[in-house]
Amino acid sequence: MDDGLNGRRLREAGALGLVVLAGLVAAALFVMLAGKDPLATFRVMLGYALGSGNGFAEVVVRAVPLCLAGLGVAVAFRCNVFNIGADGQIVVGAILAAAAVMAVPGLPGPLALAVFLACGIAGGAIYGGIAGWLRARFGVSEIIVTIMQNYIAIQFLTWMVRGPMQEAMGMFPRSDRLPDGAMLGLMVDGTRVHWGLALALAATLIVHVAMRHSSFGFQVGVVGRNPLVARFAGIADRRVVVLAMLASGGLAGLAGAVEIAGLHHRLQDDFAPGFGLLAIAVALLARLEPLAVPFSALLFGVLHVGSGAVQREIGLPFPVVWIFEAIVIFGCLGLGAVRARTVRAAA
Amino acid sequence: MAPLLELRAITKRYPGVLANDDVGLTVDAGEVVAVLGENGAGKSTVMNIIAGLVRPDAGDILIGGRTVRPRSPRDAAAMGIGMVHQHFKLVPTMTVAENIVLGDYRAGRWLLRPGRNAARIEALLAELGLNADPATPVGDLDLGARQKVEIAKALFRDAGILILDEPTAILSRRECDQLYDIIRRLAARGVAVLLISHKLDDIFAVCDRVYVMRQGRVVGERTVAGTPRDDLVRLVVGGALELPERDGAQSAPGQALIRLRDVTLRRPGAPPALRDVTFDLHAGEVLAVAGVEGNGQAELVEALAGMLPPASGRIDHDFAGQARRPTAAALRRAGLGHVPGDRHGMAMLGDMDLRDNVMLTHFHMPGFARFGLLRRGTAAALADKVIDRFEVRTPHAATAIGRLSGGNQQKLVVGREMNHATRVLLAAHPTRGLDLRTIAFMQRQLLDHRNRGGAVLLVSSDLAEIWRVADRVMVASSGRLHGPVRIADTTIEEVGAWMTA
């Protein structure tokens, strides 16, 4: 490889480091504003999230849905389709999966699980596919459609767990426990780490191969860069947009189903708060590279779990953590813009 | 008296390339001087050094005998140097007047106030013969008019030295003549004009003196008057240049490969670009489409390539068998190659490497994918073959194609398309922006393809090129396609008259 390319990679890695550093500094400022010691805060944060077995297990638990949904966002963004609707797709996937196993009780274990996960994928895929089709057929902005779809899905969930799918006792906004056969078991005893971790890692590999080595992934990359070049190359660009949104929604839907099957074992209100937006940050921080997504998801898991510890032990309000997350997201977007400029300058 | 602009022993080294080696030149006030050379000869580096975009490793720039070191385009502008780049640096959504004052603090440091300078702007536009309202968005102007805005921008900053980088590359014949006029008038009022070009026509039309560059060095300086064309060509290419010649004896037009009957073409939402087109493209011929650009040639090529379905009439791709609605992919598999006029916008992806750009039109071909997975090795081998056969100068097959010079990008695109163009090659302006040697090479490729029994549809606005390689010619003008007629049965004058009819 020539020097120029390596040089650019190096500069990009440096810029990434700067983003993280800037996030830390800014977060430290806010911690100080709140009257606490930033160093102690970071020590508690990392000490619990990375230094204790239980803490790290919780990081992994949090990272699993972020990884799956982040992969979905990466697929859509690679196609230059801005799927902001992972939240909605997660919810619809979970609802459809839960409804399916409740509607057909008595399925044998493995089959029930397969149906559960397949319905999760299908729910998210259909919901995302709608936005993809509207964009491909009528040129409707997928950003607006998916944002609106999020509201619909979340309100729909709120109604479902208070109405048709509410538990028999009628106490809480949640469903009854779902049949055990359809649920994912624990992968590491003594923690909450479930087999969803294996699914997320398998999905990472599959998406990596699909995006980097398959004909479909190549077409996604071409359409994402320039639809006119895609038409020139004989690619049905609209079809690729719809397929990319199906895949993207499907992965988000799988994230929703896995979160229910592995963690909550029942449908409940607000079971994946803000995961869809976090998934965008996860995908951007991973530079839309599938293999980097699990690591990016882990980082956000560390942030979440560590800040929980900080809240308990230092008494720091939670919003400070959100500020840190927001700074990282801004940084990633800025980095993307810088990168686009250097690429254009090189061309 | 010292010359207005002088370069002394300018040297600039990039990793692996000596872009400028001991370059010296002078330009006097009121003089038009050309820097002539092939793509990659180092012309643009010289200009970028003068314009403050690139710093030389060694050597001096003198203005009026005083050494200067422009460190930025703004610096250079303050020294009276104005540069018009080949790719315009205008903001399409801003008006003509706003673009002219943009970046010039005298027009207001914080707010653009084109109104303050309205009289001056109008005078400049009038001098340049641009009949556009200064309040028109630049995006609504054609390329020739945008270039005048660029020149106006430089003159607004009182540029005494005007550098034009390949100014005629994108202009029509008529626009070229207008530009030559403007250059002569500017020189007459004392502006020093430095013109970078690889087109001999530019040199003979408007220049007083010419420096010829090859491989980073100035290899010759000539006074244009009295210098024979051949002399310059030899200097540019470093030897004699053999132009390919069509050999009538080898032309044996065979069966029709594509047939058009009463075809009308229009893009969605636009008026028809071409009406009632009827012709056959035969095996073993080069069929040229002459005409001023923008008369439906782009639509015609896209329709033949399966990208634009006809609004009415029928196109039979006989070479592709009985496919009812042939797609771009199906036609490529059946033996079609397509070199579009808009190389950057359509034929390549600048940030992808050469191998993936080869894969671009091959991924649906047998051998390039199996079970839905790409076989990158096949594309890499083909990329190496194209790089070798078409002499693409690149550091590596894994280099992003956007980093290559325009000529080398074009060679890769043509080489790639010719790989699957076993039957039909659609080539729109395949030699535009290329240097003489590469033009000769490309034209030879077209003729070889024809002599192997392939069909070539050549879109060109260069009649000399058409006369050199085509068997028949059609003319696109005002929404119609005239002809085709055999080249042997017509004259350049006749075709030229149709073009402007």
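Let's shift gears to the overall build of chain A. Along chain A, the regular secondary structure elements total 13 helices and 0 strands. Starting at the N terminus, the α and β elements of chain A follow one another as α-α-α-α-α-α-α-α-α-α-α-α-α. Over its C-alpha trace chain A gives a radius of gyration of 21 Å, about what one expects of a compact globule, namely 20 Å for 347 residues. C-alpha extents for chain A along the principal axes are approximately 65 × 60 × 35 Å. Classification of the 347 residues of chain A by burial places 50% in the buried group. Of all intrachain contacts in chain A linking residues separated by at least 6 positions in sequence, the fraction that spans at least 24 positions is 78%.

Moving on to the overall build of chain B. When helices and strands are tallied, chain B shows 17 helices and 21 strands. In terms of C-alpha radius of gyration, chain B reaches 24 Å, essentially the compact-globule figure of 23 Å for 501 residues. Oriented by its inertia axes, the alpha-carbon framework of chain B measures out at about 70 × 50 × 50 Å. Out of the 501 residues belonging to chain B, those deemed buried represent 48%. Residue pairs at least 24 apart in sequence account for 68% of intrachain contacts in chain B once pairs closer than 6 positions are excluded.

On the chain A side, the residues contacting the 29 residues of chain B number 20 residues. Looking at the side of chain B that touches chain A, the elements with two or more residues in it are α10 (328–333), α11 (343–347) and β17 (373–374) of chain B. Split by residue class, the side of chain B that touches chain A holds 17 nonpolar, 9 polar and 3 charged.

Turning our eyes to something else, we now look at the pairing of strand β1 (residues 5–14) of chain B. All names here are of chain B. When β1 meets strand β2 (residues 17–27), the two strands line up antiparallel, connected through 7 bridges. When the bridges of β2 are listed, Glu6 appears paired with Thr26. Judged from the 5 bridges that link them, β1 and strand β4 (residues 58–63) form a sheet pairing that is antiparallel. In the sheet register, Glu6 faces β4, and the bridge partner there is Leu62.

Let us look at the domain arrangement of chain B. Residue and element names in this part refer to chain B. If you check the domain split of chain B, you get domain 1 (5–237), domain 2 (244–335 + 422–501) and domain 3 (344–420). A C-alpha centroid distance of 35 Å is found between domain 1 and domain 2. Facing 8 residues of domain 1, the contacting portion of domain 2 comprises 8 residues. In terms of residue class, the side of domain 1 that touches domain 2 is built from 4 nonpolar, 3 polar and 1 charged.

Residues and elements named next belong to chain B. Spatially, β2-β1-β4-β5 is the arrangement adopted by the 4 strands of the open sheet, whose pairing is antiparallel. Looking at the sheet topology across the chains shown, the edges are occupied by β2 and β5 (66–68). This sheet shows a mean twist of 30° between the axes of neighbouring strands, independent of strand direction. Pairing between β4 and β5: 3 bridges, direction antiparallel. Note that in β5 the partner of Ile63 across the bridge is Arg66.

This part is about unusual backbone geometry. Residues and elements named next belong to chain B. Here the amide bond leading from Gly483 into Pro484 is cis, since omega sits at 5°, within 30 degrees of zero. Inspection of the secondary structure assignment puts Pro484 in strand β21 (residues 480–486). Located in the positive-phi region is Glu391, a residue other than glycine, with phi close to 50°. Structurally, Glu391 is set in the loop between α13 (376–389) and α14 (406–420). Of the residues examined, Glu391 has 13 C-beta atoms within 10 Å and is grouped as partly exposed.

A separate point is the packing of helix α5 (residues 109–138) of chain A against helix α6 (residues 142–160) of chain A. All names here are of chain A. It is at 9 Å that the axes of α5 and α6 come closest, and there the two elements cross at 150°. Taken together, the axes of α5 and α6 lie roughly antiparallel to each other. α6 is crossed by α5, and the crossing has right-handed handedness. Facing Tyr127, Ala131, Gly132, Leu134 and Arg135 of α5, the residues of α6 in contact are Glu142, Val145, Thr146, Gln149 and Ala153. Each residue belonging to the contact of α5 with α6 can be placed in one class, and the counts come to 5 nonpolar, 3 polar and 2 charged.

With that out of the way, let us pick up the confidence of the model for chain B. Residue and element names in this part refer to chain B. Counting all residues, the mean pLDDT for chain B is 87, and 95% of those residues have values of 70 or more. Across chain B, the element-wise mean pLDDT spans from 80 in helix α17 (residues 492–500) up to 96 in strand β19 (residues 455–459). In the predicted complex, the global pTM is 0.79; the interface-specific ipTM is 0.84.

We now examine the sheet that holds strand β11 (residues 256–265) of chain B. All names here are of chain B. Strand order in this open sheet of 3 strands is β12-β11-β14, and the pairing throughout is antiparallel. A single partner strand is all that each edge strand has here, and the edge strands are β12 (274–282) and β14 (312–317). Looking at each pair of strands side by side, their axes are set apart by 10° on average, direction ignored. When β11 meets β14, the two strands line up antiparallel, connected through 5 bridges. Each bridged residue has a counterpart across the sheet, and for Leu260 the counterpart in β14 is Ile315. Across the sheet, helix α9 (residues 297–304) touches β11, β12 and β14, and the angle it forms with β11 is around 130°.

Further remarks concern helix α4 (residues 118–127) of chain B. Residue and element names in this part refer to chain B. Within the span of α4, buried status applies to Ile121, Leu124 and Leu125. An end-on view of α4 places all buried positions within 95° of arc, on one side of the element. Across from the buried face of α4, at angles greater than 90 degrees, the exposed residues are Ala119 and Ala126. As for α4, its buried residues are in contact with α3 (96–101) and α5 (143–156). One or two residues past the end of α4 sits Gly129, with phi positive at roughly 70°.

Definitions and cut-offs
- Residues numbered from 1 in each chain as written.
- Chains lettered and ligands numbered in written order.
- Predicted model: local features only at pLDDT ≥ 70, side-chain atom pairs only at ≥ 80, totals over all residues.
- Helix = DSSP H or I, 4+ residues; strand = E, 2+ residues; numbered from the N terminus.
- Rg over C-alpha atoms; globule rule 2.2 N^0.38 Å.
- Buried ≥ 20, exposed ≤ 12 C-beta atoms within 10 Å, placed from the backbone.
- Contact = placed C-beta atoms within 7 Å.
- Nonpolar A, V, L, I, M, F, W, Y, C, P; charged D, E, K, R; others polar.
- Pairing = 2+ DSSP bridges.
- Domains from an automatic or database assignment.
- Axes fitted to C-alpha atoms, helices over the stretch in contact; angles between N-to-C directions.
- Parallel < 35°, antiparallel > 145°, perpendicular 65-115°, else oblique.
- Left-handed = near helix turned anticlockwise from the far one by under 90°.
- pLDDT = per-residue confidence, 0-100.
- Arc of directions from axis to C-beta.

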